[in-house]
Structure formats: structure tokens, C-alpha cells
Amino acid sequence: MKENYIVCNCMQVSYSNIAEALEGHNKLEDVLELFKVVQEVTHCSTGCGGCHDKVLDVISEIMMA
């Protein structure tokens, strides 16, 4: 059920939405650069910003897998 976990409540971005935004990135590069990519695709962390750290954690987890 991790895929359905909502990471950003403001924009209703799920774990799987972030994973989809990262498709094509084969390795953990600069997490902040990958965050920008995810933010452009999903608009996460553009509302209240409270999910910023959670989004970074999810990016790291996905890219390290």
C-alpha cells in the first residue's frame, strides 16, 4: 500500500506519483535537483511546504532501492 501513501496533502501527491516523476533517473544524483524535477511534474511542496522533508525522504528511498 506504500504506493497509495499521500506524501503531499495540499496537492494530493502520492508515493507512486513521485516514483513516476523519477522514471528515467537511474541513480541517486543530487537529491535537491531531483526534488526540483519531482516538484515540476507533481507540484508537490508548492502549497504549504510542510511535506518538503517527506518528499526528500521518498526521493532518497526510491533512488537508493
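The sections below set out a description of the structure shown in this document. (Residues numbered from 1 in each chain as written. Predicted model: local features only at pLDDT ≥ 70, side-chain atom pairs only at ≥ 80, totals over all residues. Heavy atoms only, no water.)

**Regarding helix α2 (residues 31-42)**
- Taking 1.5 Å per residue as the helical rise, α2 with its 12 residues ought to reach 16 Å, and the 16 Å between its terminal C-alpha atoms agrees with that figure.
- Regarding α2, the residues found buried are L34, F35, V38 and T42. Looking straight down α2, one finds that the buried residues subtend no more than 105 degrees of arc, so they occupy a single side.
- The inward-facing, buried residues of α2 contact β2 (13-14), α1 (15-21) and α3 (52-64).
- Remark: H43 follows α2 within two positions and exhibits a positive phi of approximately 65 degrees. (Helix = DSSP H or I, 4+ residues; strand = E, 2+ residues; numbered from the N terminus. Expected span 1.5 Å × (residues − 1). Buried < 20%, exposed > 50% of the residue type's maximum accessible area, 1.4 Å probe, protein only. Arc of directions from axis to C-beta. Contact = heavy atoms within 4.5 Å.)

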